[in-house]
Amino acid sequence: MIQPKTKLILRNEEDFFGPGTAELFRKTQEYGSIRMAAESMHMSYSKAQKLIIRAEKESEFPILIRKAGGKNGGYSELTAEGKEFLRHYYVMRKEVQAATDAIFKKHFSDNTESKII
């Protein structure tokens with residue numbers, strides 16, 4: 001069965017926030033660690049850092065609070081602005097997919113689909 005799939009990417013001067021970056025931030029909040037979030041996504045730590053730096057540069061506000069390791073270990077967590085930004089991204093992504101599904105249904109109903117294939 002044919003179905004549409006949308007990919008929401010935000011941009012300023014360049015693309016800076018999409019599904020992968022959103023997942024990286026979500027997992028960083030979950031684990032309290034950029035390194036653990038990156039590992040869980042099979043992503044290098046250096047790539048994760050580059051995504052974070054680009055997202056914060058283009059969004060023009062800090063998304064993460066980072067505390068370097070040491071005697072008690074380090075941690076990373078979303079700022080209040082970061083949490084709100086991520087929440088809005090996921091809500092918007094859900095709304096975009098719903099709108100896409102409705103448009104798809106309009107153009108590719110069950111009757112139309114069988115004629116295309």
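The present account deals with the structure reproduced in this document. Remember, it's a predicted structure, so these values are computed and weren't measured experimentally.

Here we come to helix α4 (residues 80-107). Taking 1.5 Å per residue as the helical rise, α4 with its 28 residues ought to reach 40 Å, and the 41 Å between its terminal C-alpha atoms agrees with that figure. All of the buried residues along α4 are G82, F85, L86, Y89 and F104. For α4, the secondary structure elements touched by its buried residues are β1 (10-11), β2 (15-17), α1 (19-31) and β4 (75-78).

So, about the environment of R93. Mapped onto the fold, R93 is located in helix α4. We classify R93 as partly exposed; its relative accessible area is 31%. As a C-alpha pair, R93 and P19 span 74 residues in sequence and 9.1 Å in three-dimensional space. Other than its neighbours up to four places away in sequence, R93 contacts L8 and P19.

Analysis parameters
- Residues numbered from 1 in each chain as written.
- Predicted model: local features only at pLDDT ≥ 70, side-chain atom pairs only at ≥ 80, totals over all residues.
- Heavy atoms only, no water.
- Helix = DSSP H or I, 4+ residues; strand = E, 2+ residues; numbered from the N terminus.
- Expected span 1.5 Å × (residues − 1).
- Buried < 20%, exposed > 50% of the residue type's maximum accessible area, 1.4 Å probe, protein only.
- Contact = heavy atoms within 4.5 Å.

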